[in-house]
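Tertiary structure, described
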Amino acid sequence: MYIVVFVLGAFGGLIFELNRDGLGQLERPRSLQRRHDTGWVANVLIGAAAAMAALYLFPPKETVVTNGGVTTSTLQYHVVAVIGLSIIIGSAGGAFLAAFQARALALLKAQEAEATKNVATGAVNELAKGITDNLPKNQLQSMAKAANQAIRNVGSNGNGNPAPGDM
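Notes on the structure follow. The shown structure was predicted, so the numbers you read here are calculated from the model rather than taken from an experiment. (Residues numbered from 1 in each chain as written. Predicted model: local features only at pLDDT ≥ 70, side-chain atom pairs only at ≥ 80, totals over all residues. Heavy atoms only, no water.)

**Concerning the pattern of salt bridges**
Taken as a whole, this structure holds three salt bridges when the rule is applied. Linking E17 and R20 is a salt bridge whose minimum nitrogen-to-oxygen distance equals 2.9 Å. Exposure remark for E17: the relative accessible area of 1% places this residue in the buried category. For D133, the salt bridge identified is with K129, shortest N-O distance 2.8 Å. A relative accessible area of 41% means that D133 is categorised as partly exposed. K129 gets classed as exposed once you look at its relative accessible area, which sits at 53%. (Salt bridge = Lys/Arg side-chain N within 4 Å of Asp/Glu carboxyl O. Buried < 20%, exposed > 50% of the residue type's maximum accessible area, 1.4 Å probe, protein only.)

**Regarding the packing of helix α1 (residues 2-19) against helix α2 (residues 40-57)**
Contact geometry for α1 and α2: axes closest at 7 Å, N-to-C directions at 135°. As far as their axial angle goes, α2 and α1 are oblique. Here the hand of the crossing between α1 and α2 comes out right-handed. Residues Y2, V5, F6, G9, A10, G13, L14, F16 and E17 of α1 form the contact with α2, whose participating residues are W40, N43, V44, G47, A48, A51, M52 and L55. Residue classes in the contact of α1 with α2 are distributed as twelve nonpolar, four polar and one charged. (Axes fitted to C-alpha atoms, helices over the stretch in contact; angles between N-to-C directions. Helix = DSSP H or I, 4+ residues; strand = E, 2+ residues; numbered from the N terminus. Parallel < 35°, antiparallel > 145°, perpendicular 65-115°, else oblique. Left-handed = near helix turned anticlockwise from the far one by under 90°. Contact = heavy atoms within 4.5 Å. Nonpolar A, V, L, I, M, F, W, Y, C, P; charged D, E, K, R; others polar.)

Below, the structure is given as structure tokens:
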């Protein structure tokens, strides 16, 4: 299935290249001053990569069959849907990959926010316990400073939102 998706995504990238300027032409690979323009090959590879990434976003459907008390579960793609989806996503390769990247980044930011929230909640709970236990003012101040630093560290080590000074 992966080979089929790769080839159809590449075909979609080729369709994009042919339709890009409405002339039905392929841009030839060429060398420029300090870089190499890969021409039509880039859109073919981007289309193939985008179609492969789509397999992650659109997993196969699970079919559960019960026969005489025995349950069998299988995962399979609907072939016609995979063909169409691969070509369409391949033809919109760059845009699809940018959207996929934005979605992944949003998921990471949500995880970072959750980590920051957990650290902050723990710090507030410890301070509340210190207040309830009537700890001395200097000890509470020290706990508050440590809590503030712990929250900032979540952002600076990549596991949370950036600290205000990091923005």
